[in-house]
Amino acid sequence: TATLLDTARTINVITNKVLEDTASFSFQEALRTVPGITLGAGEGGTASGDIPLIRGVDATGDTYVDGARDVGSQTRETFDVERIEVFKGPNSAFGGRGSAGGSINIVTKLPHTGTVAQGAATIGTDNFYRVTGDLNAEIADKLAVRVAGLYHNADVPGRDSVFDKRWGVAPSIAYGVGTPVTATLSYYHYETDAMPDYGIPLTSRGQRADGTRVPADVDRDNFYGLKARDFQKTRADSVTFLFSGDLGGGWVLSNTTRYSDSRNNYIVTNPDDSAGNVANGYVWRNTKSRNSHNQGMVSNFNLAGVFDTGSIGHSVAIGGELSASDSNNRNYVVDTGNFRVGS
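Residues numbered from 1 in each chain as written. Predicted model: local features only at pLDDT ≥ 70, side-chain atom pairs only at ≥ 80, totals over all residues. Heavy atoms only, no water.

1. Observations regarding the side chain of N222
In this structure, N222 sits in the loop between strand 13 (181–194) and strand 14 (231–248). By relative accessible area, N222 is classed as buried at 13%. Among the polar contacts made by the side chain of N222, one reaches the side chain of Y224 at a distance of 3.1 Å. (Helix = DSSP H or I, 4+ residues; strand = E, 2+ residues; numbered from the N terminus. Buried < 20%, exposed > 50% of the residue type's maximum accessible area, 1.4 Å probe, protein only. Polar contact = N/O pair within 3.5 Å; in protein donor to acceptor, adjacent residues only side chain to side chain.)

Structure, rendered in structure tokens:
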């Protein structure tokens, strides 16, 4: 009901141009362009995944896609992202339940008028290969389709045995493009297969005279996980229906309905020093694991309009949301053991 400039909140918008210019290939990389956001790494018993902290407060449960809350532990990509909107500060009046830090809304690539095809290929060191494609076609009067796709394969620079593989596809179809009433149906599928990495161990407690703990004196490329066991695999599937209708007279009715299903499974080795044995050249291989599954259904309606009573102008926004979510978080049973720091 108001322009971004006239909205009394701190709002940052990461446009598609910014994503391209900064080579932000993941949700976390994109958020690094916004001040006031830090990224968690699964601390405090939470699952390792995308954990944005807005002004120090976890906003994982305040992440939206096309205006509808998208919960569940997962990792996100940018191949199907048009822009990312970051709203800072309390937002219970707008978003209902949530944190005091703010919220994040991801706007996806949806069909539009005209026919446009785009593609990009990236090659880099450490076996980095990435290909993305984006095709929009107006196949009939008022009817358009769009497909975005991704293939990504890379090792991690400076780390032995650590890799990151991703692929995804996002088709969508819309009727009424270019008209006041538009209905869109979209599907999103994204998978990852990566080797998680907690880095190198710290020195033991009390090992240094000044009481500080520093990274152990080892090759910085050393990988302390188990290649035959450690893994992280995520998957996200969602189906979304979007409706927007201009009722005339300055009134607009819209609806977003989504079903989502996401998984985040991993076992990661943490070269810990809880046993105090780094001083003797050994590392305690602490493990962290998660087998999480989330299914959710959300539907929200919004009616917005502007009107005048005499010389006084009014803006009205009325909304309602119904959602249901089922989450399971389990751990794996893992055997551990010690091995020498330099091995």
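So much for the structure itself; the text now carries on.
2. As for the nonpolar core
One finds I14, L31, I84, V86 and I104 to be the most contacted residues of the largest nonpolar core, which totals 15 residues. For this core, the secondary-structure elements that each account for two or more residues are helix 2 (27–31), strand 7 (81–88) and strand 8 (102–108). Residues in contact with I104, not counting those within four places in the same chain, are F27, L31, P52, I54, D62, T63, Y64, I84, E85 and V86. Ranked by size, the runner-up nonpolar core spans seven residues in total, among them F79, L150, A170 and A236. (Core = buried A, V, L, I, M, F, W, Y, C linked by side-chain atoms within 4.5 Å. Contact = heavy atoms within 4.5 Å.)

3. Re the pairing of strand 14
In terms of strand pairing, strand 13 meets strand 14 through 14 bridges, oriented antiparallel. Looking at strand 14, one finds that T192 is bridged to T234. By the bridge criterion, 17 bridges tie strand 14 to strand 15 (residues 251–272) in an arrangement that is antiparallel. For T240, the partnering residue across the bridge sits in strand 15 and is R258. Between strand 14 and strand 15, which pair antiparallel and follow one another directly, the connecting turn spans two residues, one of which, G249, has a positive phi of 65°. (Pairing = 2+ DSSP bridges.)

4. Quick look at a nonpolar patch on the surface
The grouping of I173, L185, Y187, V239 and F241 at the surface amounts to a nonpolar patch, some 400 Å² of accessible area in total. Only strand 13 and strand 14 provide two or more residues apiece to the nonpolar patch. Among the secondary structure elements, F241 is positioned in strand 14. (Patch = residues over 30% accessible without salt bridge, like charges linked within 9 Å, V, L, I, M, F, W, Y side chains within 5 Å. Areas by Shrake-Rupley, 256 points an atom, 1.4 Å probe, with all protein chains shown as cover. Salt bridge = Lys/Arg side-chain N within 4 Å of Asp/Glu carboxyl O.)

5. Some points on the sheet that holds strand 7
Reading across from one edge, 1-7-8-5-6 is the order of the five strands in this open sheet, with mixed pairing throughout. The sheet terminates laterally at strand 1 (10–15) and strand 6 (68–69), the two strands that pair on one side only. Pairing of strand 1 with strand 7 involves six bridges; the strand directions are antiparallel. Paired with I11 across the bridge in strand 7 is F87.

6. Things to note about the packing of aromatic side chains
The way to describe two aromatic rings as a pair is by their centre distance and the angle between their planes. Evaluation of the coordinates by the stated rule reveals six aromatic pairs. When the ring of F79 is compared with that of Y190, the centres are 6.4 Å apart and the planes differ by 40°; the resulting orientation is tilted. Of this pair, F79 sits in the loop between strand 6 and strand 7 while Y190 sits in strand 13, and the two are 111 residues apart along the sequence. No difference in accessibility class separates F79 from Y190, as the two residues are buried. (Phe/Tyr/Trp six-rings, centres within 6.5 Å; stacked < 30°, edge-to-face > 60°.)

7. Overview of the side chain of E77
Tracing the sequence through the fold places E77 in the loop between strand 6 and strand 7. For E77, the side chain forms a polar contact with the side chain of R130, separated by 2.7 Å. Once you skip the residues sitting within four places of it in the chain, E77 turns out to touch F25, S26, R130, L150, H152, R166, Y188 and Y190.

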